[in-house]
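Structural characterization, general
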Amino acid sequence: MFTSSETPIIAAVVLVAFGILGWGFYRARPFGKLGILAWLQSVVLMTPWLLFFGLFAAGIYINIAGILLLVVTSAGVYIFLGRQLRQAGQDAILKQRATERLADAATVNTNNPVVIAEVKLQPMTIPEEDLNTIKGIFGIDTFFATETIPYQEGAILKGNLRGEPEEVHNRLMKSLQERLGDKYRLFLVENTDGKPVMIVLPSRTDPKPIQLPQKVFAVILLAATIATNLEAAGLLLNFDLFANSGRFSEALPIALGIFTILIAHEIGHWFLARKHQVKLSWPFFLPAVQIGSFGAITRFESLLPNRKALFDIALAGPAFGGIVSLIMLVTGLLLSEPGSLFQLPNKFFQGSILVGSLARVVLGSAVQAPFVNVHPLVIIGWLGLVITALNLMPAGQLDGGRIVQAIYGRKTAGRATIATLILLALVSLGNTLAMYWAIVIFFLQRDAERPSLNEVSEPDDARAALGLLALFLMIATLLPLTPALAGRLGIG
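Before going into details, it helps to say that this report is about the structure given with it. Please read these numbers as outputs of a predicted model, since none were measured by experiment.

The rules behind these values
- Within each chain, residues carry numbers counting from 1 in the order of the written sequence.
- A pLDDT threshold of at least 70 governs which residues receive local features in this predicted model, and a stricter bar of 80 or more applies before side-chain atom pairs are shown or counted, although totals over entire chains, interfaces and linings include all residues.
- With hydrogens and water excluded, all non-hydrogen atoms of the structure serve as input to the side-chain values.
- Convention adopted: a line fitted to C-alpha atoms gives each axis, helices being fitted over their contacting stretch, and angles between N-to-C directions are expressed from 0 to 180 degrees.
- Runs of H or I in DSSP of at least four residues are treated as helices and runs of E of at least two as strands, each being numbered from the N terminus.
- To sort the angles, those under 35 degrees are grouped as roughly parallel, those over 145 as roughly antiparallel, those from 65 to 115 as roughly perpendicular, and the leftovers as oblique.
- Handedness of each helix crossing follows the sense of rotation of the near helix against the far helix: counterclockwise by less than a right angle gives left-handed, clockwise gives right-handed.
- Residue contacts are defined here by distance: any two heavy atoms, one from each residue, within 4.5 Å place the two residues in contact.
- Under the grouping applied here, Gly and all other residues not named as nonpolar or charged are polar, the nonpolar ones being Ala, Val, Leu, Ile, Met, Phe, Trp, Tyr, Cys and Pro and the charged ones Asp, Glu, Lys and Arg.
- One fewer than the residue count of a helix, multiplied by 1.5 Å, yields its expected span.
- Each residue is assigned to one of three classes by its accessible area relative to the maximum for its type, calculated with a 1.4 Å probe on protein chains only: buried under 20%, partly exposed between the two thresholds, exposed over 50%.
- It is the directions from the helix axis to the C-beta atoms whose arc is reported.
- Think of it this way: a Phe, Tyr or Trp ring, Trp meaning its six-membered ring, pairs with another when their centres are within 6.5 Å, and the plane angle makes it stacked under 30 degrees, edge-to-face over 60, tilted otherwise.
- Lysine and arginine charges are scored as sitting over a ring when NZ or CZ, respectively, is within 6 Å of the ring centre and within 35 degrees of the ring normal.
- The bend at a residue is defined as the angle formed between two axes, one fitted to the seven residues ending at that residue and one fitted to the seven starting there.
- Any N or O atom pair separated by 3.5 Å or less is treated as a polar contact, with the protein-specific requirement of one donor-capable and one acceptor-capable atom, and with residues adjacent in sequence counted only for side-chain atom pairs.
- Cavities and pockets were defined on a 1 Å grid built from protein atoms only: a cavity is a group of points that admits a 1.4 Å probe but offers it no way out, a pocket is an open group of points flanked by protein on both sides within 12 Å along at least five of seven lines, and a lining residue is one with an atom within 4 Å of any such point.
- Grid points are joined across faces, edges and corners, and a volume is the space filled by probe spheres set on the points.
- Here, any two strands with at least 2 DSSP bridges between them count as paired.

1. A short note on the packing of helix α11 (residues 399-408) against helix α14 (residues 461-478)
- Packing of α11 against α14 leaves a shortest axis separation of 10 Å and a crossing angle of 150°. As summarised for this structure, α11 and α14 are arranged roughly antiparallel, according to the angle between their axes. Considering how the two elements wind past one another, α11 and α14 form a crossing that is left-handed. Contact with α11, carried on its side by Ile 403, Val 404, Ile 407 and Tyr 408, involves Arg 463, Ala 464, Gly 467, Leu 468 and Leu 471 of α14 and no other residues of that element.
- Across the contact of α11 with α14, the residue classes tally to seven nonpolar, one polar and one charged.

2. A few points about helix α12 (residues 410-427)
- Relative to the 26 Å expected for 18 residues at 1.5 Å per residue, α12 spans 25 Å between its end C-alpha atoms, a close match to the ideal helical length.
- The complete set of buried residues in α12 reads Ala 413, Ala 416, Thr 417, Thr 420, Leu 421 and Leu 424. For α12, the buried positions fall inside an angular range of 135° around the axis, keeping them on one side. Across from the buried face of α12, at angles greater than 90 degrees, the exposed residues are Lys 411, Arg 415, Ile 418, Leu 423 and Leu 426.

3. Considering the packing of aromatic side chains
- Summed over the entire model, instances satisfying the criterion amount to six aromatic pairs.
- Taking 5.0 Å as the distance between ring centres and 85° as the angle between the ring planes, the aromatic pair formed by Phe 348 and Phe 349 counts as edge-to-face.
- Residue classification places Phe 349 among the buried residues on the basis of a relative accessible area of 0%.
- These aromatic residues form a ring-pair network of at least three members: Phe 348, Phe 349 and Trp 382.
- Here the basic side chain of Arg 247 rests over the ring of Phe 239, its NZ or CZ set 4.0 Å away from the ring centre.

4. Digging into helix α8 (residues 307-335)
- For α8, which comprises 29 residues, the first-to-last C-alpha distance of 42 Å matches the rise-based estimate of 42 Å (1.5 Å per residue) to within 8%.
- In the structure, α8 departs most strongly from a straight axis at Ala 316, where the bend amounts to approximately 25° and where the proline Pro 318 lies between one and four residues downstream.
- Structurally, the start of α8 carries an N-cap: the backbone nitrogen of Lys 308 is 3.2 Å from a side-chain oxygen of Asn 306.

5. Notes on empty space enclosed by the protein
- Under the definition given, this model contains four cavities of 30 Å³ or more.
- In this structure, the largest cavity spans a volume of roughly 100 Å³.
- In terms of lining residues, the largest cavity is bounded by 15 residues, among which Ala 296, Ile 297, Thr 298, Asn 391 and Asp 399 are the most central.
- Sorting the residues of the lining of the largest cavity by element identifies α7 (248-275), β7 (292-297), α11 and α13 (432-445) as the ones contributing at least two each.
- Roughly 60 Å³ of volume is contained in the second largest cavity.

6. Some words on the pairing of strand β8 (residues 342-345)
- On β8, burial follows the alternation: Phe 342 and Leu 344 on one face are buried, whereas Gln 343 and Pro 345 on the facing-out side are not.
- In terms of strand pairing, β8 meets strand β9 (residues 371-374) through four bridges, oriented antiparallel. Bridging from a neighbouring strand, Gln 343 pairs with Asn 373 of β9.

Such coordinate-based values are descriptive only and should not be taken to indicate function.
Take a look at the structure:
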């Protein structure tokens, strides 16, 4: 049986897991069969990991073959549900189109003309000729505009959206570009009443690229991060590199390993940004002596086409960096043997559920020894996972915050940011690292990303499931094992 000190943590993990699944079911119900099938795909994708960690907490260990079997089975069920979902989606689209044709026919046959009302609360800044051209792109089969309101340097057009949001928005943007070139941007967003509206803004309001002073600052931070990577490597080898510069060659391999993970993270962002034709700023690395670096801050220098692009770019960095880190960690565990460079206290593996469980699976009873011989890649991989997990915290413009915003919208992302800051403030009472991150998020990263051009269309269910999986692995990386539970599992 579990001790009294273990029970709250186990209960918290179970509640978080079922809370995520329950929240997904709550959001899926209004969409009927389509929503339930999408939710089931999320459940299937998370099930292998929930089973693995749940059984692990109960003292039942699954070897690599068992894990692969769970993943393969999950993938098979996921593909089956995907086929059912696509079939149901096609049926729903056919019904929607039939309903729209009936509605359009009724509109055409009516004898009462439709009057477009214009409410001008402030002077319209868009030239009248351009405004008339913009209004001309809308129609009964795309977006039936009924009201035009001045807004900042552009205008809001209220009306009725006809058809699938992404298809309609793409058609309207193409038509706007054909008539007025690159002069204006067309946003499809939800109004305060939940109804879609179109916002037109001049292209001069687009995000601006970073200037020369900012580039110089980015280079300075890069140099500082290289220095802290080397210093962190030296500290891991039990010497201060700044005081023993002659031992540079000893610290270099570990420093290069940490920097490789940082670069993999940024390459992931860059690769998906290029795919979606989005420009990124230079990365502003955050140097840290403790672990080499806390990652980097990267800004968008162009508008995002939709929330799918925001999700893909945000997830790509942690995915690339996390996969490289996991490969290094597992490879290091497999290469660990008596006489390896590092001898870690077994309590080291209590610091992370994910790292501790992988070490228990690969090394077996070796983690019960007072000191465990590990290959340097274990240390590098663990640091990479920590850096990745910190950037996956669901707050502001961190990768995790962008993922939450992409999947659940700006309101939920704002609430998640507040909750994360409160949690960090509580944890910082006993951990200075949490205080550092609370300060960084509050002063630099707390705001959500600006809306994408199409803010209405949500990412598909596969992306939502991947986002949940990323957040789950973030928790598994940062959440430690209690000494009592770790001892019961044979760790420490």
